[in-house]
Amino acid sequence: MISSGDLVTRKSYQHDIIFRVKSEKGPLLKLMGEYVRLEADAPLDDLEKVTGAEYHRRKSEVDEKEAYSYRLFRQDYRLLKEKREAEAGSGYANQKETNYFQIPPRILHIDGDPLFLKKCIALYEQLGLQVHGQYLHEKEMPNQVLSLIEKVHPEIVVLTGHDSYSKAKGTVRELESYRHSKYFVEAVRNIRRKYPNFDQMVVFAGACQSHFESIIRAGANFASSPARVNIHAIDPVYVAARVAYTSFMDHINIWEVIRNTISGEDGLGGIETKGLLRIGMPYTENQTEEIQEP
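Residues numbered from 1 in each chain as written. Predicted model: local features only at pLDDT ≥ 70, side-chain atom pairs only at ≥ 80, totals over all residues. Heavy atoms only, no water.

K.L.:
Explain the side chain of D6 here, please?
P.N.:
Of note, D6 is situated in the segment before β1 (7-10). At a separation of 2.8 Å, a polar atom in the side chain of D6 contacts the main-chain amide nitrogen of S3. If near-sequence neighbours (up to four positions away) are discounted, D6 is found in contact with M1, F19, R20, V21 and K49. (Helix = DSSP H or I, 4+ residues; strand = E, 2+ residues; numbered from the N terminus. Polar contact = N/O pair within 3.5 Å; in protein donor to acceptor, adjacent residues only side chain to side chain. Contact = heavy atoms within 4.5 Å.)

Written out as structure tokens, the structure is:
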């Protein structure tokens, strides 16, 4: 017996991905990726429950990838911090110690998966970033994104959740061949109608196998998925964090953003964008805006 909440794999796909059963209604069961942002449907006879030993083996592999990605980000963060300190101190040659404070951008993270949202929020906090998280089904994002922006006043907006491409619906070029890409496109387009400046509001949008080109054309700075591959649950966080920790005086090297992610250039891409971190001086003991080190 397989019921909602069970962990399963698909026989027809050689058990490549672990899914959690979302719904048992109808002839097809709705599945959500346990570690990747993929939504799928499958008949009951194509599914096999995941044993405890297999789950822990795969989880160990995922944990190792996440730890490696985090180490990469910390290395880049230290380099960015050294650069900021050198630039902040260059105009104050007589100072023995450089005292400055940093004002990071606010982040609005809208996610179609409440479990992934919780995981992402924890990582934002671990990275010392201010974030407002909101769970919304992908279909609701176009209609509600502007009201959330007006409430939170973010400089970075992340729109993500689940997606998938279906060959049965059409070619990879057709937007209707994707489960949720059209909602990401519409939501991004709504944002850009009101906030057209790409460097004042940075937008990431997309999930697994999303129609990358359409999302970028709609006005996203970063999106998934150029090669229509699956992206890891926390990849959007690293994209947002790189923007947040890069000075507004600097352009972001797109490759340096992507290399910190688990999915890499097949899963994520973007356009030239400025950072959003601002430095102030002098720092006082009463100052409360300094960023925590990740």
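K.L.:
Can you help me understand the sheet that holds strand β9 (residues 156-160) in this one?
P.N.:
Hydrogen bonds between backbone groups are what pair the strands of a sheet, and the pairing can be parallel or antiparallel. Pairing is mixed across the open sheet formed by six strands, whose spatial order is β8-β7-β9-β10-β11-β12. The sheet is open, and its two borders are formed by β8 (131-135) and β12 (269-270), each paired with just one other strand. Inspection of the sheet shows strand β11 (residues 222-223) paired to β12 by two bridges, in the antiparallel sense. The residue of β12 that forms the bridge with A223 is G269. Helix α3 (residues 141-152) rests against β7 (107-111), β8 and β9 of the sheet, and its axis sits at about 155 degrees to β7. (Pairing = 2+ DSSP bridges. Axes fitted to C-alpha atoms, helices over the stretch in contact; angles between N-to-C directions.)

K.L.:
Can you help me understand the pattern of salt bridges in this one?
P.N.:
Any two side chains of opposite charge can pair if their charged atoms end up close together. Going through the model one piece at a time under the given rule, you end up with 18 salt bridges. With a closest N to O distance of 3.0 Å, K59 and D63 form a salt bridge. You can see K59 and its partner D63 sitting in helix α1 (residues 52-90), four residues apart, about one turn around the helix. Among the ionic contacts, a cluster of salt bridges with common partners joins K30, E39, D41 and R179. (Salt bridge = Lys/Arg side-chain N within 4 Å of Asp/Glu carboxyl O.)

K.L.:
Explain the sheet that holds strand β5 (residues 47-49) to me, please; I cannot follow it from the model alone.
P.N.:
Reading across from one edge, β4-β3-β2-β1-β5 is the order of the five strands in this open sheet, with antiparallel pairing throughout. Taken across any chain shown, the strands that pair with only one partner, and hence form the sheet edges, are β4 (39-43) and β5. Along the sheet, successive strands turn relative to each other by an average axial angle of 50 degrees, direction set aside. Of the strand pairs in this sheet, strand β3 (residues 28-33) and β4 are connected by five bridges, and their pairing is antiparallel. By the bridge assignment, K30 is partnered in β4 with D41.

K.L.:
Whenever I open this one, the side chain of R192 confuses me. Can you help?
P.N.:
By the secondary structure assignment, R192 is in helix α4 (residues 181-194). Buried charge R192 goes without a salt bridge, the closest partner of opposite sign being D199 at 7.9 Å. Among the polar contacts made by the side chain of R192, one reaches the main-chain carbonyl oxygen of M201 at a distance of 3.0 Å. With near-sequence residues (within four places) excluded, R192 lies in contact with N197, F198, M201, V202, V203, A218, G219 and N221. (Buried < 20%, exposed > 50% of the residue type's maximum accessible area, 1.4 Å probe, protein only. Lys, Arg positive; Asp, Glu negative; His and termini not counted.)

K.L.:
Would you explain the pairing of β3 in this entry?
P.N.:
Within a regular beta strand, the side chains point alternately toward one face of the sheet and then the other, so they alternate between its two faces. Where strand β2 (residues 19-23) and β3 come together, four bridges link them in antiparallel fashion. Bridge pairing links R20 to M32 in β3. The antiparallel pairing of β2 with β3 creates a hairpin that spans four residues between the two strands, and G26 there sits at a positive phi of about 80 degrees. What sits between the antiparallel neighbours β3 and β4 is a turn of five residues.

K.L.:
Could you clarify how one ought to interpret the pairing of β9 in this entry?
P.N.:
Counting buried residues along β9, five of its five residues qualify, which places the element largely inside the surrounding structure. Neither face of β9 is open: one carries I156, V158 and T160, the other V157 and L159, and all of them are buried. Pairing analysis gives five bridges linking β7 to β9, with the strands arranged parallel. Bridge assignment links D111 to a residue of β9, and that residue is T160. Inspection of the sheet shows β9 paired to strand β10 (residues 202-205) by four bridges, in the parallel sense. Bridging from a neighbouring strand, V158 pairs with F204 of β10. Tracing the backbone out of β9, into α4 and back to the parallel element β10 gives a crossover that is right-handed. (Right-handed = clockwise from strand over helix to strand, strands pointing away.)

K.L.:
Would you mind showing me how to read the packing of helix α2 (residues 114-126) against helix α6 (residues 235-244) here?
P.N.:
Their axes nearest at 9 Å, the elements α2 and α6 cross at an angle of 30 degrees. Between α2 and α6, the angle falls in the class roughly parallel. The chirality of how α2 crosses α6 is right-handed. Counted together, C120, L123 and Y124 of α2 and P236, V237, Y238 and A240 of α6 form the full contact between these two elements. Here the contact of α2 with α6 is built from residues that sort into seven nonpolar, no polar and no charged. (Parallel < 35°, antiparallel > 145°, perpendicular 65-115°, else oblique. Left-handed = near helix turned anticlockwise from the far one by under 90°. Nonpolar A, V, L, I, M, F, W, Y, C, P; charged D, E, K, R; others polar.)

Fair warning: the whole summary comes from geometry, so function is off the table for now.
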